[in-house]
Amino acid sequence: MLEIYGTLGPTCSDKETLKAMFQEGMNGVRLNLSHTGLEQAADQIETLSMAASELGVKARLLIDMQGPELRVGQMEQPVELEAGQIVCLGKGGIPVPNICLPYIKKGQEILLDDGKLLLEAEEEGEGFVTACVKLGGILKGRKSIALPGTEIHPPALTDSDRENLRLAPQFGVTAVMQPFVRGADDLRELRAELKKAGGENIRIFAKIENMEGVKALDSIMSEADLVVIARGDLGNALPLWELPALQKDISRACLKKGKPFMVVTQMLASMEHSPVPTRAEVSDIFNAVADGASSIMVTGETAVGEYPVRVIEYMSKTAREAERYMAKHGIDY
C-alpha cells in the first residue's frame, strides 16, 4: 500500500485540519526534529493522535533526525544577502559549524538553505572566511550549509538525536528518518540506539542526500527498512539537470533489491502559496509512483503552506491515478 506523508507544522497543527488531511488520503506524518524535540512537540503529537483516533485510523509518525547535516547557527534575525555582497562566515559573521571552516578554500562554492543561496569563498582568516554572494536571498538561522565536492564527517547522531531516540517508543514513533546516510555504519549506530530504547520495531528510513550515500547504496539498503531519495540536498551534490537520472538509478536499484523507497522534496512546492499545483508537479508525483515508489512525502507544503488539505488531496488523487495506470498496463513491482 502506498504511504502518503505530510509534515507537521504551524498550518496543520489543529485537530480538524489533520482530520481533513487523513480523510484526503494521508496515512503518515513527518515531524522535523532539526529545530525541536519530541518533548517540545508533545502537544502536536497528542493532537495528531486524537485526530487519527476520531477517524479510526492509525497514524504513522515519522521523526526526521538532525543527524550529520550541517547547519548555520542560531541567528537573532534573518539576514538579506545580495548578489555581489562580501560576507563573513564564522567568527564575527554568519555562524557556521567550526568543522566546515578547514574545507572552505578560495573558490569553494557554499550552498545555504538547500541551495537557495550560493556563495563563493574568497579569503581565509583565523576562525572565519569571507565569501562573495553569487545568488542572494533571505538567510534564516539553522538553515542547511553544504560544500559541494567535500566530504565532512560529523557524528551520525547528535546528543539531541540520542535523547529523541530514547523517547521514541513512548511517543508512538513508527519510523526514524536518518539524514545524510554515508554508509551502513550510520544505520547500525542508529539501530543500536533504538534497541537500547526498546524501539526494535521502529523502522529506519535512510535518506540519500550526498554522493557518499549514493556510492554506498548497496550496503545502506542492507541495513535500512526504506530508502529515501531526498532530492533537496542530493540536488546540491551534482548538477541539477543530472538529478532526474540519478533518481531513476536509485529507484531501479531499490526495485532490484526489493527495497521500498520514498521520493521527497518540492513535490508540490508551488502549493505553499497556490491552491492548485503546476502540471510539472503532478507529473512528478505520477512518475515517482509509476517508477515504483512505496512512499511519497511533502514537507513545507503542509507544515507552513497555505493549503495543507488541498496539498494532500492533489497528492493522493495523483498517486491513485498512477496506480490505476499501472494496473491497466500490468505494471507490478
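Since the model is a prediction, treat every value here as computed from it, not as a measurement.

**So, the pairing of strand 7 (residues 117–125)**
As judged from the 4 bridges shared by strand 6 (residues 109–112) and strand 7, these two strands associate in the antiparallel manner. Each residue of the ladder has a partner; that of E109, found in strand 7, is E120. Here strand 6 folds back onto strand 7, and the loop between the two strands holds 4 residues, one of which, D113, carries a positive phi near 55 degrees. In terms of strand pairing, strand 7 meets strand 8 (residues 128–135) through 7 bridges, oriented antiparallel. Among the inter-strand pairings, E120 is bridged to a residue of strand 8, identified as C132. Here strand 7 folds back onto strand 8, and the loop between the two strands holds 2 residues, one of which, G127, carries a positive phi near 85 degrees.

**Some thoughts on helix 8 (residues 243–257)**
For helix 8, spanning 15 residues, the distance from its first C-alpha to its last is 21 Å, which sits close to the expected 21 Å at 1.5 Å a residue. All buried positions along helix 8 are accounted for by L243, L246, Q247, I250, S251 and C254. Seen from one end, helix 8 has its buried residues packed into an arc of 140 degrees, which puts them on one side. Opposite the buried face of helix 8, by more than 90 degrees, sit the exposed residues R252 and K256. Buried residues along helix 8 sit in contact with strand 12 (203–208), helix 5 (211–215), helix 6 (217–223), strand 13 (226–230), helix 7 (231–234) and strand 14 (261–264). Two residues or fewer after helix 8 comes G258, characterised by a positive phi angle close to 70 degrees.

**Concerning helix 9 (residues 279–290)**
Compared with the 16 Å implied by 1.5 Å per residue over 12 residues, the 16 Å span of helix 9 between its first and last C-alpha is a close match. By the burial criterion, the buried members of helix 9 are E281, I285, A288, V289 and A290. Directly beyond the C-terminal end of helix 9, a positive phi value near 110 degrees is found at G292.

**Here we look at the sheet that holds strand 7**
Sheet architecture is open: 5 strands sit in the order 5-8-7-6-10, paired in antiparallel fashion. Looking along the sheet, the strands with just one partner apiece sit at the ends: strand 5 (86–90) and strand 10 (145–146). In the sheet, strand 5 pairs with strand 8 via 5 bridges, with the strands oriented antiparallel. For C88, the partnering residue across the bridge sits in strand 8 and is T130.

**What about the layout of surface pockets?**
Of the voids in this model, the second largest pocket is the one considered here, and its volume is about 470 Å³. Taken together, 21 residues form the lining of the second largest pocket, with L147, T150, E151, F180 and N210 sitting closest to its centre. Classifying every residue of the lining of the second largest pocket by side-chain character gives 11 nonpolar, 4 polar and 6 charged.

**Topic: the environment of L167**
Counting through the fold element by element, L167 comes out in helix 3 (residues 159–167). Its relative accessible area of 3% is what places L167 among the buried residues. Taking C-alpha positions, L167 is 32 Å from A269, a pair spaced 102 residues apart along the chain. Ignoring anything within four residues of it in the chain, the contact list for L167 reads L38 and E39.

**Observations concerning a nonpolar patch on the surface**
Side chains of Y325, I331 and Y333 sit close together on the surface and give an oily, nonpolar patch of about 300 Å² of accessible area. Note that Y333 resides in the segment after helix 11 (308–328).

Rules used in this analysis
Residues numbered from 1 in each chain as written. Predicted model: local features only at pLDDT ≥ 70, side-chain atom pairs only at ≥ 80, totals over all residues. Heavy atoms only, no water. Pairing = 2+ DSSP bridges. Helix = DSSP H or I, 4+ residues; strand = E, 2+ residues; numbered from the N terminus. Expected span 1.5 Å × (residues − 1). Buried < 20%, exposed > 50% of the residue type's maximum accessible area, 1.4 Å probe, protein only. Arc of directions from axis to C-beta. Contact = heavy atoms within 4.5 Å. 1 Å grid on protein atoms, 1.4 Å probe; cavity = no way out; pocket = protein on both sides within 12 Å on 5 of 7 lines; lining within 4 Å. Points joined across faces, edges and corners; volume = space filled by probe spheres on them. Nonpolar A, V, L, I, M, F, W, Y, C, P; charged D, E, K, R; others polar. Patch = residues over 30% accessible without salt bridge, like charges linked within 9 Å, V, L, I, M, F, W, Y side chains within 5 Å. Areas by Shrake-Rupley, 256 points an atom, 1.4 Å probe, with all protein chains shown as cover. Salt bridge = Lys/Arg side-chain N within 4 Å of Asp/Glu carboxyl O.

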